Amino acid sequence: SQCPTVIDADGLNILSNHRAWLQQLPKGIIMTPHPKELDRLAGTICTGDYERLYQAQSMAQTYQSYIILKGHYSALCLPNGNVVFNSTGNSGMATAGSGDVLTGIITGLLARGYEREDACIVGMYLHGLAGDIAAKEVGKESLIASDIIKYLPLAFRKIES
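Fair warning: this is a prediction, and the values are worked out from it, not measured in the lab. (Residues numbered from 1 in each chain as written. Predicted model: local features only at pLDDT ≥ 70, side-chain atom pairs only at ≥ 80, totals over all residues. Heavy atoms only, no water.)

J.: Mind laying out the pairing of strand E3 (residues 66-69), listing which residues take part and the relevant values?
T.: Across the two faces of E3 the burial is the same, with Tyr66 and Ile68 and Ile67 and Leu69 all buried. Pairing of strand E2 (residues 30-31) with E3, which is carried by two bridges, proceeds in the parallel orientation. Paired with Met31 across the bridge in E3 is Ile67. Here three bridges tie E3 to strand E4 (residues 75-77), and the two strands are oriented antiparallel to one another. Its bridge partner being in E4, Ile68 is matched across the sheet by Leu76. Taking the residues that link successive antiparallel strands as the turn, the E3-E4 hairpin has five residues. (Buried < 20%, exposed > 50% of the residue type's maximum accessible area, 1.4 Å probe, protein only. Helix = DSSP H or I, 4+ residues; strand = E, 2+ residues; numbered from the N terminus. Pairing = 2+ DSSP bridges.)

Structural data, given as C-alpha cells:
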C-alpha cells in the first residue's frame, strides 16, 4: 500500500507470527504496540521500560516506520531515531479498546491530510487529553474507551483555543 497505514492489535500479532514480513512493510508505516505487543513483534522479552523503548527506537529506524509505544506516557519513535514523549494521558486509559480509539484518531487525522509524524503527535496528545478530561469526569477506575471518544470533542476544542 502506498497510502498511510496504521497497524494495531491483531495486525501486530500477525506480524509477530511472521516477523520476516516486517522487511516488506512500506516505509512510513505506523505501528501502535503496547509493551507486550512490542516484545512479541521484536521477538524478545524486554526486562524494563528503557530496554523496551530502545527496542522500539531501533525498530523504527530499521523499518523506517513510526512506532507509538503505548503506555502511561506514550512514546513516538521516529524513523530518524528521535523519540517524542506524550505529556497527556493517565493510568485509567489502560482499558480494553483505548488503543483502538488512538488508532481511529490517527487514521482520521491522516485522512484529513496530516503528515504521518504530525498525525501521530497530535493523535497521541488528543487521545491522552480526552482521557484526562474523562478521568476528571468519571474517575480513572471506571474509565472505558467510549469515555475517551465522548470527551474527544472537548479535547479538540481545548487545543483550538
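J.: I'd like a rundown of the packing of helix H1 (residues 10-17) against helix H2 (residues 35-42), residues and numbers included.
T.: Where H1 contacts H2, the axes come no closer than 7 Å and their chain directions differ by 30°. Considered as vectors, H1 and H2 are oriented roughly parallel to each other. Classified by chirality, the crossing of H2 by H1 is left-handed. Residues Leu12, Asn13, Leu15 and Ser16 of H1 touch H2, and the partners they reach there are Glu37, Arg40 and Leu41. (Axes fitted to C-alpha atoms, helices over the stretch in contact; angles between N-to-C directions. Parallel < 35°, antiparallel > 145°, perpendicular 65-115°, else oblique. Left-handed = near helix turned anticlockwise from the far one by under 90°. Contact = heavy atoms within 4.5 Å.)

J.: Residue-level account of the packing of helix H4 (residues 98-111) against helix H5 (residues 116-138), with values.
T.: Contact geometry of H4 with H5 gives a least axis separation of 9 Å together with a crossing angle of 140°. Of the possible angle classes, the one that applies to H4 and H5 is oblique. As for the relative orientation of H4 and H5, their crossing is right-handed in sense. Across the interface between the two elements, Ser98, Val101, Leu102, Ile105, Ile106, Leu109 and Leu110 from H4 touch Arg116, Ala119, Cys120, Val122, Gly123, Met124 and His127 from H5.

J.: Account for the sheet that holds E2, naming residues and giving values.
T.: Within the open sheet, the five strands sit side by side as E1-E2-E3-E4-E5. Their pairing is mixed. If you trace the sheet from one side to the other, it starts and ends with strand E1 (6-7) and strand E5 (83-85), each paired once. Of the strands in this sheet, E3, E4 and E5 touch helix H3 (residues 49-62), which is tilted by about 165° from E3.

J.: Mind laying out the pattern of salt bridges, listing which residues take part and the relevant values?
T.: For the structure shown, the criterion picks out three salt bridges. With a shortest N-O distance of 3.0 Å, Asp8 and Lys70 are connected by a salt bridge. Of this pair, Asp8 sits in the loop between E1 and H1 while Lys70 sits in the loop between E3 and E4, placing them 62 residues apart in sequence. With relative accessibility at 12%, the residue Asp8 sits in the buried group. Residue classification places Lys70 among the buried positions, given a relative accessible area of 15%. Among the ionic pairs, Arg52 bridges to Asp49, the shortest N-O distance being 3.9 Å. Here Arg52 and its partner Asp49 are both found in helix H3, three residues apart, which amounts to about one turn of the helix. Given the relative accessible area of 9%, Arg52 is considered buried. Via salt bridges that share partners, Asp39, Asp49 and Arg52 belong to a single interconnected network. (Salt bridge = Lys/Arg side-chain N within 4 Å of Asp/Glu carboxyl O.)

J.: Help me get a handle on unusual backbone geometry, residues and values and all.
T.: Despite not being glycine, Ala9 shows a phi value in the positive range, around 50°. With respect to the helices and strands, Ala9 occurs in the loop between E1 and H1. Here Ala9 falls in the partly exposed class, since its relative accessible area comes to 25%. Positive phi outside glycine occurs at Gln64, with the angle close to 50°. Considering the arrangement of structural elements, one finds Gln64 in the loop between H3 and E3. On the basis of relative accessibility, which here comes to 32%, the residue Gln64 falls in the partly exposed class.

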